[in-house]
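In case you want the letters, here they are:
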Amino acid sequence: MTDMDNSRSDINRFTAAAVMFFILAGAVFAVAVFTFLNPAAVQNRFFILGTFVCLSGLIISTIILLLLVRQVRTIFSERQLAVRALSENRQKYQTMVDNIQIGFARATPGATGSYVEVNTFFARMLGYTKEELIRMPIAELYEDRKKRKEFSDLLCSQDTIKDVEVTFCRKDGSLITLSATGMTVRDDKGDVRWFDLIIQDVTGKKFKHEEALKNEKLTSIGVLAGGIAHDFNNILTGLYGNMALAKLEVEPESEAATLIEEAEVSMAKATELTQQLLVFAKGGDPAKEQVDIFRTVRDAARFNLAGSNIRLETVFVDQPVTVHADPAQITQVVASLVVNAWHAMLE
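Residues numbered from 1 in each chain as written. Predicted model: local features only at pLDDT ≥ 70, side-chain atom pairs only at ≥ 80, totals over all residues. Heavy atoms only, no water.

K.L.:
How would you summarise the overall build of the protein if you had to cite specific residues and measurements?
P.N.:
The helix and strand inventory of the protein stands at nine helices and seven strands. Evaluated residue by residue, the protein yields a buried proportion of 27% over its 347 residues. Across the protein, contacts joining residues at least 24 apart in sequence account for 58% of those joining residues at least 6 apart. Accessible area for the protein stands at about 24000 Å²; split by element, carbon and sulfur atoms hold 60% of it. (Helix = DSSP H or I, 4+ residues; strand = E, 2+ residues; numbered from the N terminus. Buried < 20%, exposed > 50% of the residue type's maximum accessible area, 1.4 Å probe, protein only. Contact = heavy atoms within 4.5 Å. Areas by Shrake-Rupley, 256 points an atom, 1.4 Å probe, with all protein chains shown as cover.)

K.L.:
Could you give me a rundown of unusual backbone geometry, with the residues and numbers involved?
P.N.:
Positive phi, close to 70°, is recorded for Asp159, a residue that is not glycine. As for its placement among the helices and strands, Asp159 is situated in the loop between helix 5 (146–158) and strand 3 (160–169). By relative accessible area, Asp159 is classed as partly exposed at 31%. Notably, Asp163 is not glycine yet its phi reads approximately 55°, a positive angle. If you trace the backbone, Asp163 turns up in strand 3.

K.L.:
Got a sec to walk through the pattern of salt bridges? Specific residues and values, please.
P.N.:
All chains considered together, the criterion is met by seven salt bridges. For Asp196, the salt bridge is made with Arg106, and the minimal N-O distance between the two is 2.7 Å. Linking Asp196 in strand 5 (residues 192–201) with Arg106 in strand 1 (residues 103–107), this pair joins segments that are 90 residues apart in sequence. Its salt-bridge partner being Asp299, residue Arg295 comes within 3.7 Å of it at the nearest N-O pair. Here Arg295 pairs with Asp299, and both are found in helix 8 (residues 293–305), just four residues apart, close to one helical turn. According to the relative accessible area criterion, Arg295 is exposed, its value standing at 52%. Looking at Asp299, the relative accessible area reads 27%, which means it is partly exposed. (Salt bridge = Lys/Arg side-chain N within 4 Å of Asp/Glu carboxyl O.)

K.L.:
Any chance you could break down the side chain of Ser179 for me, citing the residues and the numbers?
P.N.:
On the secondary structure map, Ser179 appears in strand 4 (residues 175–186). Reaching out from Ser179, the side chain makes a polar contact with the side chain of Asp163 at a distance of 3.5 Å. (Polar contact = N/O pair within 3.5 Å; in protein donor to acceptor, adjacent residues only side chain to side chain.)

K.L.:
Tell me about a nonpolar patch on the surface, and name the residues and values.
P.N.:
On the surface, a cluster of nonpolar side chains totalling about 250 Å² of accessible area is made up of Phe232, Ile235 and Leu239. Note that Ile235 resides in helix 6 (residues 203–248). (Patch = residues over 30% accessible without salt bridge, like charges linked within 9 Å, V, L, I, M, F, W, Y side chains within 5 Å.)

Read these as spatial facts, not as claims about activity.
Below is the structure:
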């Protein structure tokens, strides 16, 4: 038998004793009135016996009633202490849940579900108050409201989830990525009453993970670019040697010598490109030097327009302008601009 059943039994006994007390008290009062109105009845032995029985019962019921009153007072005192202790414990755990640096929420299921309870940290995470979150439909918090139904259906079908990411909108309009772990709570019929969820802000963690993936990709591209640059540089070394030998076999003023010199200029540009690839692959600093910016820009533009039907016109000041920069990188920038402009022009 539980404490609750014992309390109910004691209260029932108290009620029965109180009823008996009032019945006997009424009987004694009736005897007293009857005796006052009929003094001769006192000499009747049956009347005396009945009066004695009533008085004895009244005394006994009074004693029992007093004992039960004391017991009932003890029961109510204990119950008050239990209620107070329960309230204090609830307040203590509510304070602990509110102050812990993680989000807690209890939500009803479905696309139109809402929060039943949330802790302060979760509300602060989204920029709302607890009261505001409880009043509004959860779907309004989602970046894509259709995701709310998907999340609810997933939890209803699996009963538990772990580290499921959702994207919410804060009160200020900014996006926040949350990781939810939780379970369903069902009633006796098996219907879902609510979801109990633990929620963490993983926006920064997700950003760091994406940055790490980007760095890995850049590292892989750098390794690939370095390998290509080394192979291409080996090919250019062979071409330089053959060009030097071919130059020895022709007249210095001949057309063939001019073509060889133009080819050497092109190979020099290719060498600069491979050097730029190597700088990118190794992550080192550019090879800076004093560069005539006008000459570098003009040469890069002419080189990239060679063989086209486009006429290049340049307008520079008379005095040369030198800058401290990597000529290969400047050449690459000018080449990109010239090629993009070329492709944008009509035939």
